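Notes for the structure review
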Amino acid sequence: MSASITGDPAATAISLPIEGMSCASCVGRVEAALGKVEGVGAVAVNLATERANIRLTRQVDRTALVQAVEKAGYSVPASTIELTIEGMTCASCVARVERALKAVPGVLEARVNLATERVTVHGSAAADTLVAAIKNAGYSAQVIDALDGDVSEEATAKKDAERATLKRDLITAAMLALPVFVIEMGSHMVPGVHELIMRTIGLQWSWYLQFILTTLVLAGPGRRFYRTGFPALLRLAPDMNSLVALGTMAAYAYSVIATFAADLLPAGTVNVYYEAAAVIVALILLGRFLEARAKGRTSEAIQRLVGLQARTARVRRDGSTLDIAVGEVAPGDVVEVRPGERVPVDGEVVEGQSYVDESMITGEPVPVSKSAGNPVVGGTVNQTGAFALRATAVGGQTVLAQIIRLVEQAQGSKLPIQGLVDKVTMWFVPAVMLAAALTFVIWLIVGPSPALTFALVNAVAVLIIACPCAMGLATPTSIMVGTGRGAELGVLFRKGEALQLLKDAKIVAVDKTGTLTEGRPALTDLETSAGFERAQVLARIAAVESRSEHPIARALVDAAEQEGLSLPTLSNFKSVTGFGVRADVDGARVEIGADRYMRELGLSVEVFAQTAERLGDEGKSPLYAAIDGRLAAIAAVADPIKASTPGAIAALHDLGLQVAMITGDNERTAQAIARQLGIDEVVAEVLPEGKVDAVRRLKAEHGCLAFVGDGINDAPALAEADVGLAIGTGTDVAMEAADVVLMSGNLNGVPNAIALSKATIGNIRQNLFWAFAYNTALIPVAAGVLYPVYGLLLSPIFAAGAMALSSVFVLGNALRLRRFQAPIAAAETAA
């Protein structure tokens, strides 16, 4: 948040960030400009922190302060504020809140998400001003701490309490409405019920009983609709609650008149519709309850991530060990972790040794060995050993908190496809009310007798069936479930737009080093001549190369160490310029170099001709070793292709995509790798700055392009691509240039991300079609358009059931994404 406001409202302290200051004179100019604003008591500007701390003598519009800074030639940067909103029920509520916030001076953008019940505001307006604007629009709001990666337990408890209240009200409404429904509808549908009522309590007393039960329904469980619906109507900003309130109150008021003042109604129109009012409330509460349960399931991915956080930590302080809340751990604290415990915070091991299950971060199922100097990530699970770590990141700065924050941001985003929905729903509720009024008037004028009864019933049906809940939920619920499923698969969508754009990708361009390959040279081939033992040859080669810092030499030494070989002593080391190196190892002369060095030594390399040809086809350069004047071995060092890469390339082809490789390697090596992997297009010998030009050319030739890189040196290319995917290493998740972060550290996440994008957008389109087609088709039916031809009318009760069903259908369809099966299974992704 860019401004903090504390203290008494009459004498407030405001802190503003300032951009553009470079020296002490800038400080003076800003202080002078702010000091001229009426109501400002004192100003202190800090050049180092680039903030202005302002003490007010009375309340001052924050916009006036911002304008004063801008007039002085500086700027107050836009900030992002997140708020939770209570009281929204449909898409028209979303449009109304956004419109209210955009009217606030200093607000550049406001995005409301009905499914998460949150709003993200970008601009320079103060938080309290935003809260007040939302309150004036008829809703309540609360600021979310942007640095807190945790999901508030208080908010979760509040949602649980809301669901419990809905369930209680639903049961109450159903129990009260059922007798009303049986008495009224039973009289029309079940032979003998009417006669039974007439013989026992009589028609009038049955109406009195229905009146009492319906009044209890409307005044109790149904009160929520009137408490918000009628005030919204008075503000000329009707919402779903207004439609329900108008419809049920019209049916109820007509019935009350028919019960207690029948003489006021025209002859032949005296009838009651208590069952419509009571059952509509019960059915809509049923829809709300099912909706609330489904909404809870859409955020399960976040809840699971939050559940990975440890609650307490064992910290060494002042010579003793204390168990404290994890939120109280400070950077630099030494934290003890016992077997089977979750690591509380990010840190570096300072003592002890163990294996840690990091699958929740990397997807890798095999526990990773940890000893002094190794990093560990909060939320991962310690196995059998014990160790102590020094905290390096706590609270909202941990990797897990970053992941939660990225998922929340993606879930709260608004896709371009939502634009059409917003435009329609802004005018939808007023249009429905107009349609209901027209329905009433037309039936009253040209309807059959009793015209008033037909007019009332059909107008109520139009009001009830057209509630735009499904429209408002169609997009955000799919986004929530889709991005949550992505997080479970190790695919983090940093920007919601990427979720929509990725499905349109025609070509995937990949960086080679670190993306297709491991990113570090390694010994890939070693073949010995007859009479030489592999282990002895490798040990002697590594001993000679240990004197060199060249990456190839380092790879040979690493290979010997990984095989547990001890390096023999050497002497007389010499580098032969242009040819290779030589030294005496355990009394034997060892010479290592290319084929020309062997020929210089008078040795023929024909025995390895076939091997050399194969290595050349694979883009590897052969290296030869001679021992005591005899050709001993041929070796090759290369950046090995990740084991998961071939399967990932095949999966991309199966999705109908072309794959291009962009690399700085020479053409021959690049083409060899491309042939091996089945890559369609190669752009080789490209300097880092040339990757952007390569991306632009591929976009022009093929269309929408996704670029996959390591997120560091590939940042410009990631930004230039239509969608940038950064392959993470499990810990580096905050890659600013990328739109999508792949936690697995390999290419398998790319086809998974694209397939998920296609599935999510397809799901959104299904939801939108259902929501729009449903309203388009059923509003005319509710208005009675089928009556002249087929004699069919839609009862308000069935209209309420259909309306509730539409929202439940949309939510149920979105929840299907939880069962999304990735093209490459998790076990393979971890490979």
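As the structure is a prediction and not an experimental result, all values here were calculated from the model. (Residues numbered from 1 in each chain as written. Predicted model: local features only at pLDDT ≥ 70, side-chain atom pairs only at ≥ 80, totals over all residues. Heavy atoms only, no water.)

1. As for the nonpolar core
Judged by nonpolar contacts, the single largest core of 129 residues is most densely connected at Met-88, Leu-130, Ile-465, Val-508, Leu-725 and Leu-747. In contact with Met-88, not counting residues within four places along its chain, are Cys-93, Val-94, Val-97, Val-112, Asn-113, Leu-114, Glu-117 and Tyr-139. Judged by nonpolar contacts, the second largest core, of 27 residues, contains Leu-538, Ala-559, Leu-570 and Ala-625. (Core = buried A, V, L, I, M, F, W, Y, C linked by side-chain atoms within 4.5 Å. Buried < 20%, exposed > 50% of the residue type's maximum accessible area, 1.4 Å probe, protein only. Contact = heavy atoms within 4.5 Å.)

2. Let's talk about the UniProt feature "transmembrane region" (unreviewed entry) in the chain
Those places that UniProt annotates as "transmembrane region" (unreviewed entry) correspond, in this numbering, to residues 170-190, 196-219, 240-260, 272-290, 424-446, 452-475, 768-787 and 793-815. Summarising residues 240-260: 100% helix, 0% strand, and an end-to-end C-alpha distance of 30 Å. Here residues 768-787 runs as 85% helix and 0% strand, with 28 Å between its end C-alpha atoms. (UniProt positions renumbered as here; feature names shortened; annotations may be inferred. Helix = DSSP H or I, 4+ residues; strand = E, 2+ residues; numbered from the N terminus.)

3. With respect to the sheet that holds strand E8 (residues 140-144)
The strand order E6-E7-E5-E8 describes an open sheet built from 4 strands, whose pairing is antiparallel. Every other strand in the sheet has two partners, leaving strand E6 (107-113) and E8 as the edge strands with one partner each. Strand-to-strand twist of the sheet, defined as the mean angle between neighbouring strand axes without regard to direction, takes the value 25 degrees. Both strand E5 (residues 79-86) and E8 contribute to a ladder of 5 bridges, which runs antiparallel. Looking across to E8, one finds that Leu-83 is bridged to Val-143. Across the sheet, helix H4 (residues 127-136) lies against E5, E6, strand E7 (118-123) and E8, angled at about 35 degrees from E5, the strand it touches most. (Pairing = 2+ DSSP bridges. Axes fitted to C-alpha atoms, helices over the stretch in contact; angles between N-to-C directions.)

4. Brief notes about the environment of Arg-163
Along the chain, Arg-163 falls in helix H5 (residues 153-189). For Arg-163, a relative accessible area of 23% gives the class partly exposed. Sequence spacing of Arg-163 and Leu-290 is 127 residues, and the spatial spacing of their C-alpha atoms is 9.3 Å.

5. Some details on the confidence of the model for the chain
With 87% of its residues at a pLDDT of at least 70, the chain reaches an overall mean of 81. Contacts from residues 146-151, a stretch scored under 50 in pLDDT, to residues over four places away or in other chains number 16 contacts. Per-residue pLDDT stays below 50 along residues 827-831; that stretch engages in 12 contacts with residues further than four places along the chain or on separate chains. (pLDDT = per-residue confidence, 0-100.)

6. Description of the sheet that holds strand E19 (residues 522-528)
Here 6 strands make up an open sheet; going across it, the order is E19-E24-E23-E22-E21-E20 and the pairing antiparallel. Every other strand in the sheet has two partners, leaving E19 and strand E20 (570-576) as the edge strands with one partner each. Here the average twist between neighbouring strands, direction ignored, is 20 degrees. As judged from the 5 bridges shared by E20 and strand E21 (residues 580-585), these two strands associate in the antiparallel manner.

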